[in-house]
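# What the coordinates show
One-letter residues, chain by chain:
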Amino acid sequence: MAILVTRPVPDNERTAAALRARGYDALLSPMLRFEEIPFHDEDDAAYDAVIVTSANAIRAILDHPSRMHLFGLPTFAVGGHTADAAREAGFRDAASAQGNAQSLVDLVIKTLKPGATLCYLAGADLAHDLPADLGGRGFTVVTHTTYRMVPVTGFAANVGDAFRAGGIDAVLHYSRRSARAYLDAARADGVEISALALPQCCISETVAGLLREAGAMQVAVARTPDENAIFDVLDRTLKASSN
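Everything quoted here is computed from the prediction, not taken from an experiment. (Residues numbered from 1 in each chain as written. Predicted model: local features only at pLDDT ≥ 70, side-chain atom pairs only at ≥ 80, totals over all residues. Heavy atoms only, no water.)

## Things to note about the nonpolar core
F155, F163 and Y182 are the most contacted members of the largest nonpolar core, which has 68 residues in total. Taken domain by domain, the makeup of this core includes at least three residues from each of domain 1 (2–31 + 152–241) and domain 2 (34–150). If you look at the next biggest cluster of nonpolar residues, it comprises 19 residues, including A49, V78, V105 and V108. (Core = buried A, V, L, I, M, F, W, Y, C linked by side-chain atoms within 4.5 Å. Buried < 20%, exposed > 50% of the residue type's maximum accessible area, 1.4 Å probe, protein only. Domains from an automatic or database assignment.)

This is the structure in structure tokens:
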């Protein structure tokens, strides 16, 4: 069975390898493209901790001069993948909230005292207003926008051909923005009917809602916002459709 992976590079390759280990074929067509955004941090900036909601924010600062004085700070990441990326980059104390933005807020509140100053390494498009949430609880949040994800306007050529040949069995969606880009690409490539008819396996209800609004009829949501859960819902969905 062929599964379409819409994640950006390089995470899509990791997902494809995991799918192949489970016995699936993987087709890659990234719907978003990563771009670094230069930012300036004051030399004397003093932070008590770092917060990060995407591994892309870590990738974006790998060559930034500010990274060295951030590496030694306690770091709070939204999930295990982001925490792993932080550790690999050199952040020595990275904790995972094991969930979503709200669980990250809860972890910070539980761990740090109000009055702490947090460095937020953020993307250009924010789904959750962390500075407002934490600011309302007595924290100071300094936001540095480190990257943007740019929508890709169409599918990879082999993926468009696979849609037209009925060669895709399901689609994985990891974010609302990539799901929106998927819908736009399907319209642009003239395969919207086929693209919406397939099982859509989503990492959250927020992502699923967008696809339902667009007319997708087979939409399934992972029980928790992580890759193992989205693989589980993929397995269940395809098993049910084959019976």
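## Quick look at the domain arrangement of the chain
Quite often, the size of an interface is put as the accessible area lost when its parts meet. Under the domain assignment used here, the chain contains domain 1 (2–31 + 152–241) and domain 2 (34–150). Taking only C-alpha atoms into account, the centre of domain 1 sits 28 Å from that of domain 2. At the interface, nine residues of domain 1 touch six residues of domain 2. Where domain 1 abuts domain 2, roughly 620 Å² becomes buried across the two surfaces, and 47% of that area is made up of carbon and sulfur atoms. Looking at the side of domain 1 facing domain 2, the largest losses of area belong to D11, R177 and P225, adding up to 54% of the total buried there. Across the domain 1-domain 2 interface, the total number found is two salt bridges. Across the pair R177 and D125 runs a salt bridge whose closest N-O atoms are separated by 3.4 Å. Here domain 1 and domain 2 share five residue pairs in polar contact (both at pLDDT 80 or more) between them. Classifying every residue of the side of domain 1 that touches domain 2 gives five nonpolar, no polar and four charged. (Contact = heavy atoms within 4.5 Å. Buried area = accessible area lost by both parts, 1.4 Å probe. Salt bridge = Lys/Arg side-chain N within 4 Å of Asp/Glu carboxyl O. Polar contact = N/O pair within 3.5 Å; in protein donor to acceptor, adjacent residues only side chain to side chain. Nonpolar A, V, L, I, M, F, W, Y, C, P; charged D, E, K, R; others polar.)

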